[in-house]
Amino acid sequence: MGGDLPLQLTLEGLLRLLPGVVGKRESVIRDSFSGPWVDAPAYTAPVVWKGREVPAVVRSGDHKRIEQWEEEIAITATVRDHFSWLRSHQVTDRERGLVRKQIPPHYVALMHDEIRLPHGFVGTTSVTSIDIHDIARSSRTYGMAGFFIVTPLLDQKKIVQKLLNFWRSESAHDYNQDRYAALERTHLVDRYQDVIEKITNLHGKPPLVLVTSARSTETTPLEPLSYHDQGRVWGQERPVLILLGTGHGLSDELCARADYRLLPVEGYSDFNHLSVRSAAAIIFDRWLGINAKLPATSA
Ligand code: SAM
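Since the model is a prediction, treat every value here as computed from it, not as a measurement. (Residues numbered from 1 in each chain as written. Predicted model: local features only at pLDDT ≥ 70, side-chain atom pairs only at ≥ 80, totals over all residues. Heavy atoms only, no water.)

A. Looking closely at the packing of aromatic side chains. Here the structure, examined in full by the defined rule, presents 9 aromatic pairs. Judged by centre distance (6.5 Å) and plane angle (80°), the rings of Tyr227 and Trp287 are edge-to-face. Taken as a pair, Tyr227 in the loop between strand 9 (223-225) and helix 11 (230-234) and Trp287 in helix 13 (residues 276-288) lie far apart in primary sequence, 60 residues in all. A residue is classified by how much of its surface remains accessible, and Tyr227, at 9% relative accessible area, is buried. Residue classification places Trp287 among the buried residues on the basis of a relative accessible area of 0%. Here a set of aromatic residues connected by ring pairs shows up, and it is made of Phe83, Tyr227, Trp234 and Trp287. It is Arg286 that lies over the ring of Tyr227; its NZ or CZ is 5.6 Å from the centre. (Phe/Tyr/Trp six-rings, centres within 6.5 Å; stacked < 30°, edge-to-face > 60°. Helix = DSSP H or I, 4+ residues; strand = E, 2+ residues; numbered from the N terminus. Buried < 20%, exposed > 50% of the residue type's maximum accessible area, 1.4 Å probe, protein only. Lys NZ or Arg CZ within 6 Å of the ring centre and 35° of its normal.)

Okay, structure coming up:
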């Protein structure tokens, strides 16, 4: 090919932006990739084709209902298939709420059990109060439905419970409402299996589990996920659980029970030793965060 086809496409894409080229300006504004959303699908006759039917709402003649349906379907398709595009836009508060409804519930678990220890051992680690506070705040910021702290050790549970009891008290609410709100969705459990059961009971299906690690090569044969792969996970319509490790990281046995491993967070240096709370904030932002290129437009 001599490049004529790409040139024609470029011309079509540019010329339709000129006033008068397309009859209805509205059609241009609603083109896929003109704003945060892709366009809703367009239908034509016949009503049934190869077993696929034009949705009843489209044939209802009720323009308000059709418009609402088109908006919903456009948002669903964008969240599922073009999240990287969507997140590159600043959206209104209303749109943010609509997107939120399309993202499946996400949970986080900070593991202090089933952890790699020095000399090849697997076991438990101690809790760190700053991790609890900071991961709770990051979890709330990125809309996590819950943050689980997993430790089977009685003395460690006492420390966490004391902290949670304080931040759930009335005096804590009066002292710092944001901190109170951040810790509201934090739960203390004994084992990984308790996290899975709690999420399964709430949603009627088990979560898809995403493990995290600083290592780029894992011994477990888990499918790797990049930070552009949200659609692969969200399309399965199951809750999502992100697992964070402590010590020397999550044990191989624990990883073997998961579904995916997120690629490590890396920079262009030869040092990669993030604290779990820093890693958590970056991971949440890369997986769920808005990363707008430009401020919102009124178009
Ligand atoms: N060498 C361990 C590893 O690779 O998992 C480091 C453990 S680090 C102290 C504790 C946890 O922070 C990890 O289990 C992981 O959840 C998270 N973490 C730390 N650095 C990370 C990175 N660069 N990418 C992804 N997660 C990271």
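B. Geometry of the site of the ligand. Residues in contact with the ligand amount to 16 residues; listed here are only the nearest, Thr212, Ala214, Gly245, Val265 and Asn272. The contact in question runs from an oxygen atom of the ligand to an N or O atom on the side chain of Ser213, over 3.1 Å. Contact between the ligand and Gly245: an oxygen atom at 3.0 Å from a main-chain N or O atom of the residue. Protein coverage of the free-state accessible area of the ligand, which is 540 Å², stands at 86%. With 3 residues, helix 13 is the largest single contributor of residues to the shell around the ligand. (Near = heavy atom within 4 Å. Polar contact = N/O pair within 3.5 Å; in protein donor to acceptor, adjacent residues only side chain to side chain. Areas by Shrake-Rupley, 256 points an atom, 1.4 Å probe, with all protein chains shown as cover.)

C. Molecular detail of a nonpolar patch on the surface. Together, Leu7, Leu11, Leu15, Leu18 and Val21 give the surface a local cluster of nonpolar side chains, amounting to about 460 Å² of exposed area. Assignment of secondary structure puts Leu18 in the loop between helix 1 (4-15) and helix 2 (25-29). (Patch = residues over 30% accessible without salt bridge, like charges linked within 9 Å, V, L, I, M, F, W, Y side chains within 5 Å. Salt bridge = Lys/Arg side-chain N within 4 Å of Asp/Glu carboxyl O.)

D. Representation of empty space enclosed by the protein. Summed over all chains, the structure comprises 1 cavity of 30 Å³ or more. By volume, the largest cavity is sized at about 40 Å³. A total of 3 residues in the lining of the largest cavity trace back to one element, the largest contributor, which is helix 6 (residues 129-141). Taken together, the residues that form the lining of the largest cavity break down as 5 nonpolar, 3 polar and 2 charged. (1 Å grid on protein atoms, 1.4 Å probe; cavity = no way out; pocket = protein on both sides within 12 Å on 5 of 7 lines; lining within 4 Å. Points joined across faces, edges and corners; volume = space filled by probe spheres on them. Nonpolar A, V, L, I, M, F, W, Y, C, P; charged D, E, K, R; others polar.)

E. Looking closely at unusual backbone geometry. The amide bond that connects Ala45 to the next residue, Pro46, takes the cis arrangement and shows omega of 0°. In this structure, Pro46 sits in the loop between helix 2 and strand 1 (48-49). Positive phi is not limited to glycine here, since Glu114 has a value of about 55°. Here Glu114 is to be found in the loop between strand 3 (106-111) and strand 4 (115-116).

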